[in-house]
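Coordinate inspection notes
Here are the chains, one letter per residue:
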Amino acid sequence: ENEVLTLIPARSLDTMLFFSDRGKVYSERVYQIPDADRSAKGIPLVNVLSLDPGETITAAVSVPDLNVAEYLILATRKGRIKRMALTELASVRPSGILAITLDDQDRLGWARLTHGKDEIILVTEHGQALRFPEEVVRPMGRAAGGVSGIRLGADDQVASTEVIEPNGSLVLVTTQGYGKRTPLEEYPAKGRGTGGVQTIARKALGKIGLISAARVVQESDDLTFISANGMVMRMKVKDVKQAG
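Every chain's residues receive numbers from 1 upward, in the order its sequence appears when written. A pLDDT threshold of at least 70 governs which residues receive local features in this predicted model, and a stricter bar of 80 or more applies before side-chain atom pairs are shown or counted, although totals over entire chains, interfaces and linings include all residues. Each side-chain value is derived from all of the structure's non-hydrogen atoms; neither hydrogens nor water enter the calculation.

This paragraph deals with the overall build of the chain. Helical segments are the DSSP runs of H or I of at least four residues, strand segments are the runs of E of at least two, and each set is numbered from the N terminus. Counting its secondary structure elements, the chain contains one helix and 17 strands. Computed over its C-alpha atoms, the radius of gyration of the chain comes to 18 Å, within 12% of the 18 Å expected for a compact globule of 244 residues. With respect to the three principal axes, the spread of C-alpha positions in the chain is 45 × 40 × 35 Å. Here the accessible surface of atoms and residues is derived via Shrake-Rupley with a 1.4 Å probe, and residues count as covered only by protein chains that are part of the display. Carbon and sulfur atoms make up 48% of the accessible area of the chain, which amounts to about 13200 Å² in all. Each charge sign in the chain was given a centre, from 31 positive and 30 negative side chains, and these centres are 3 Å apart. Computation of the radius of gyration draws on C-alpha atoms alone. For the globule rule, the value is 2.2 Å times the number of residues to the power 0.38. All tallies of charge rest on Lys and Arg as positive and Asp and Glu as negative; His and the ends of each chain are not included. For the purpose of locating charges, the reference atoms are NZ of Lys, CZ of Arg, CG of Asp and CD of Glu.

As structure tokens, then:
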């Protein structure tokens, strides 16, 4: 099944770091990726990167240079989190290198750049949200498997991993297209490896669907929503209803 992953602003000379579900990282310069207009099909990533059979890209970051951030945070569907120095990825080969060691049933879902003093928020499909400082996750080498980030309930998995911004809000979007915006100050910092706080009424999940995505936003931002089959909608953050 093809699903749109994300929209990433990048400049021609930036390096894109692509992360796969199996924990590998691949590198490519932006100008090496062929131009295409808005409605064009594009080219398969396997034509750009040396992916293994069945391997899919689940996260990507644009890096102008290795000074853009100090660390990279990786998070998995099963709630593990890893922090590594961005310089660990200074020499990513075209064939890719291992960025995190995963359990057989787990897969890498997110990569975010941080600066050493940031806070992270993990949000699960069933609406648990856990905020904690990145400092509680010690930096590790490439082969390490990370540590427990959030404790998951039965059948739950991580839906989003974001970096906290001052004066920001968290926008939640569900699989049925419902959304809401909540100030980040309503999410207190908790201990790593705990369940966090409930961020949406659990009894409503049957009607509105599970959490599909959560993003940290500012009121002045635009939001772009992309459905699994490629429909795009753009709106102002301030037009998303604010709720507790």
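Here the focus is the side chain of D14. Tracing the backbone through its elements, the reader meets D14 in the segment before β1 (15-20). Only protein chains enter the accessibility calculation, which uses a 1.4 Å probe; a residue whose area is less than 20% of its type maximum is buried, one above 50% is exposed, and one in between is partly exposed. Any Lys or Arg side-chain nitrogen located within 4 Å of an Asp or Glu carboxyl oxygen qualifies as a salt bridge. Here D14 sits buried without a salt bridge, and the closest side chain of opposite charge, R11, lies 5.8 Å off (N-O distance).

Turning next to the side chain of T174. When you line up the elements, T174 lands in strand β12 (residues 169-174). A polar contact is formed between the side chain of T174 and the backbone oxygen of I208, at a distance of 2.5 Å. Here, two residues are considered to be in contact whenever any of their heavy atoms come within 4.5 Å of each other. Here T174 is in contact with I200, I208, G209, L210, I211 and S212, once residues within four sequence places are set aside. Pairs of N or O atoms within 3.5 Å make up the polar contacts considered here, provided that, within protein, one atom can donate a hydrogen while the other can accept it, and that residues adjacent in sequence are counted only when both atoms are side-chain atoms.

Moving on, we come to the packing of aromatic side chains. Both the distance between ring centres and the angle between the ring planes are used here to describe each pair of aromatic rings. Each pair of aromatic rings taken from Phe, Tyr and Trp, with Trp reduced to its six-membered ring, is defined by centres within 6.5 Å and is described as stacked if the planes are under 30 degrees apart, edge-to-face if over 60, and tilted in the remaining cases. Applying the stated criterion to the full structure yields zero aromatic pairs. Over the ring of Y71 we find R83; its NZ or CZ atom is 4.3 Å from the centre of that ring. Criterion for a charge above a ring: Lys NZ or Arg CZ within 6 Å of the ring centre, and within 35 degrees of the ring normal.

The backbone phi angle of D155 is positive, close to 65°, even though this residue is not glycine. We classify D155 as exposed; its relative accessible area is 74%.

Bringing the nonpolar core into the picture now. In terms of nonpolar packing, the biggest core is built from 19 residues, with L17, F19, V25, L72, L74 and L89 touching the most fellow members. Those elements that place two or more of their residues in this core are β1, β3 (57-63), β4 (71-76) and β7 (108-114). Here this core gets three residues from one element, more than from any other, and that element is β3. Apart from the residues within four sequence positions on either side, L72 is in contact with F19, V61, K82, R83, M84, L86, L89, A111, R112, L113 and T114. For the purposes of this section, nonpolar cores are sets of buried Ala, Val, Leu, Ile, Met, Phe, Trp, Tyr and Cys residues that join through side-chain atoms within 4.5 Å. In terms of nonpolar packing, the next biggest core, distinct from the first, is built from 15 residues, I121, A129, L172 and Y187 among them.

Right, let's get into the environment of I81. Position of I81 relative to the elements: it lies in strand β5 (residues 80-85). Classification of I81 by relative accessible area gives buried; the value is 0%. A C-alpha to C-alpha distance of 23 Å links I81 and L51, two positions 30 residues apart in sequence. Those residues in contact with I81, other than ones at most four positions away along the chain, are I73, L74, A75, I120, L122, F132, V137, G146, V147, S148 and G149.

Turning our eyes to something else, we now look at the pattern of salt bridges. When charged atoms on two side chains of opposite charge get close, those side chains can pair. This model, assessed by the stated rule, comprises 10 salt bridges. Taking the shortest distance from any N to any O, the salt bridge between R131 and E119 comes out at 2.7 Å. Separated by 12 residues along the polypeptide, R131 in strand β9 (residues 128-133) and E119 in strand β8 (residues 119-124) bring together distant segments of the chain. A relative accessible area of 14% means that R131 is categorised as buried. In this structure E119 comes out as partly exposed when scored by relative accessible area, which is 22%. With its nearest N and O atoms 2.6 Å apart, the salt bridge here joins D222 to R234. In this pair, D222 sits in strand β16 (residues 222-226) while R234 sits in strand β17 (residues 232-236), placing the two residues 12 residues apart along the sequence. A cluster of three or more residues bridged by salt bridges with shared partners is formed by R112, E162 and R215.

Moving on to the environment of R142. Structurally, R142 can be placed in the loop between β9 and β10 (147-148). For R142, a relative accessible area of 31% puts it in the partly exposed group. Residues contacting R142, with those up to four places away along its chain left out, are K82, M84, E88, L89, I97, L98, A99 and I100.

In short, DSSP must find at least two bridges between two strands for them to pair. Within the open sheet, the four strands sit side by side as β3-β1-β2-β6. Their pairing is antiparallel. Whereas interior strands pair on both sides, the edge strands pair on one side only; in this sheet they are β3 and β6 (97-98). Note: β1 against strand β2 (residues 24-29), five bridges, orientation antiparallel. The residue of β2 that forms the bridge with L17 is S27.

Remember, this is a structural readout, not a statement about activity or role.
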